[in-house]
Amino acid sequence: MGVTTVGQVVAMIHSGSRGLAHQVATDALQHMEKEMARDGIVVSDRQLACARIESNHLAEMAAAANFAWVNRSLMTFLARQVFAKLFKKSPAEENMHVIYDVSHNIAKVETLNVYGKVRKLLVHHKGPTRAFPPHHPLVPYDYQMMG
């Protein structure tokens with residue numbers, strides 16, 4: 001990944017959508033609870049709420065994800081400027097680049113085996129998204145099988 005030298009400086013930037021995604025999720029959970037009550041769906045934990053996919057929620061989630069990405073990009077730009085000023089070299093001369101950018105609290109369309117039936121689902125990932133596709137050999141078997 002480019003981290004190979006003793007004494008090499010590596011910076012980690014952790015930031016999200018500054019509360020926008022939380023509001024989007026809160027609104028979606030309230031909507032899903034109504035949908036689940038209507039459809040007779042009961043879950044053991046509110047965080048497992050589900051409902052039919054609606055384009056307006058996907059658009060809201062995309063807006064929050066885009067905001068988070070831009071936020072991290074701006075912070076990365078500013079960090080590069082600070083290092084450039086400190087070392088009196090341009091970011092290009094310092095070979096400063098992003099190694100990995102990962103989102104969390106984002107939905108992804110996935111094909112999964114659910115109780116023996118292959119289904120195409122929109123899965124909301126709470127926490128970091130996987131770096132591997134769902135059926136990669138390094139993804140634990142229990143995670144791949146949802147029943």
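Each chain carries its own residue numbering, running from 1 in the direction its sequence is written. Restriction of local features to residues with pLDDT of at least 70 applies here, the model being predicted, together with a cutoff of 80 or more for giving and counting side-chain atom pairs; totals for whole chains, interfaces and linings are based on all residues. Only hydrogens and water are set aside; all other atoms, that is, all heavy atoms of the structure, feed into the side-chain values.

In the annotation of an unreviewed UniProt entry, the entry for the protein chain reads 3'-phosphate/5'-hydroxy nucleic acid ligase, and the organism field reads Chondrus crispus. What UniProt records for the protein chain under Catalytic activity (unreviewed entry) is the sentence "a 3'-end 3'-phospho-ribonucleotide-RNA + a 5'-end dephospho-ribonucleoside-RNA + GTP = a ribonucleotidyl-ribonucleotide-RNA + GMP + diphosphate". UniProt positions are given in the numbering used here, feature names are shortened, and annotations may be inferred rather than shown by experiment.

### Observations regarding the environment of Met36
With respect to the helices and strands, Met36 occurs in helix H1 (residues 20-39). For Met36, a relative accessible area of 8% puts it in the buried group. Remark: the alpha-carbon pair of Met36 and Ala51, spanning 15 residues in sequence, is separated by 6.6 Å. Leaving out residues up to four positions away in the same chain, Met36 has contacts with Ile41, Val43, Ala49 and Cys50. Secondary structure elements are taken from DSSP: a helix is a run of H or I of four residues or more, a strand is a run of E of two residues or more, and numbering for both begins at the N terminus. Only protein chains enter the accessibility calculation, which uses a 1.4 Å probe; a residue is then buried when its area is under 20% of its type maximum, exposed when over 50%, and partly exposed in between. Between two residues, a contact is recorded if the distance between any of their heavy atoms is within 4.5 Å.

### Description of a nonpolar patch on the surface
Nonpolar side chains (Val, Leu, Ile, Met, Phe, Trp, Tyr) within 5 Å and like charges within 9 Å form the patches, drawn only from residues with over 30% relative accessible area and no salt bridge. Residue exposure ignores everything except the shown protein chains as possible cover, and the areas themselves are Shrake-Rupley values with a 1.4 Å probe. By salt bridge we mean one thing: a side-chain nitrogen of Lys or Arg within 4 Å of a carboxyl oxygen of Asp or Glu. Where nonpolar side chains cluster on the molecular surface, the patch consists of Met1, Val3, Val10, Ile99, Tyr100 and Val102 and spans about 590 Å² of accessible area. Mapped onto the secondary structure, Val3 falls in the segment before H1. Judged by relative accessible area, which is 49%, Val3 ranks as partly exposed.

### Here we look at unusual backbone geometry
Despite not being glycine, Lys88 shows a phi value in the positive range, around 55°. With respect to the helices, strands and loops of the structure, Lys88 is situated in the loop between helix H2 (55-87) and strand E1 (104-114). Here the phi dihedral of Tyr115 falls at roughly 50°; this positive angle occurs in a residue that is not glycine. Among the secondary structure elements, Tyr115 is positioned in the loop between E1 and strand E2 (117-128). For Tyr115, a relative accessible area of 68% translates into the label exposed.

### Focus: the UniProt feature "binding site: Mn(2+)" (unreviewed entry) in the protein chain
The positions UniProt marks with the feature "binding site: Mn(2+)" (unreviewed entry) are His14 and His104. A maximum C-alpha distance of 10.7 Å is found for the annotated residues, which run over 91 residues; spatially they form one tight group. With respect to the helices, strands and loops of the structure, His14 is situated in the segment before H1. The exposed category is assigned to His14, whose relative accessible area is 63%. The residue His104 is located in strand E1 in this model.

### A short note on the side chain of Thr76
Relative to the helices and strands, Thr76 resides in helix H2. Ignoring anything within four residues of it in the chain, the contact list for Thr76 reads Ile13 and Val98.

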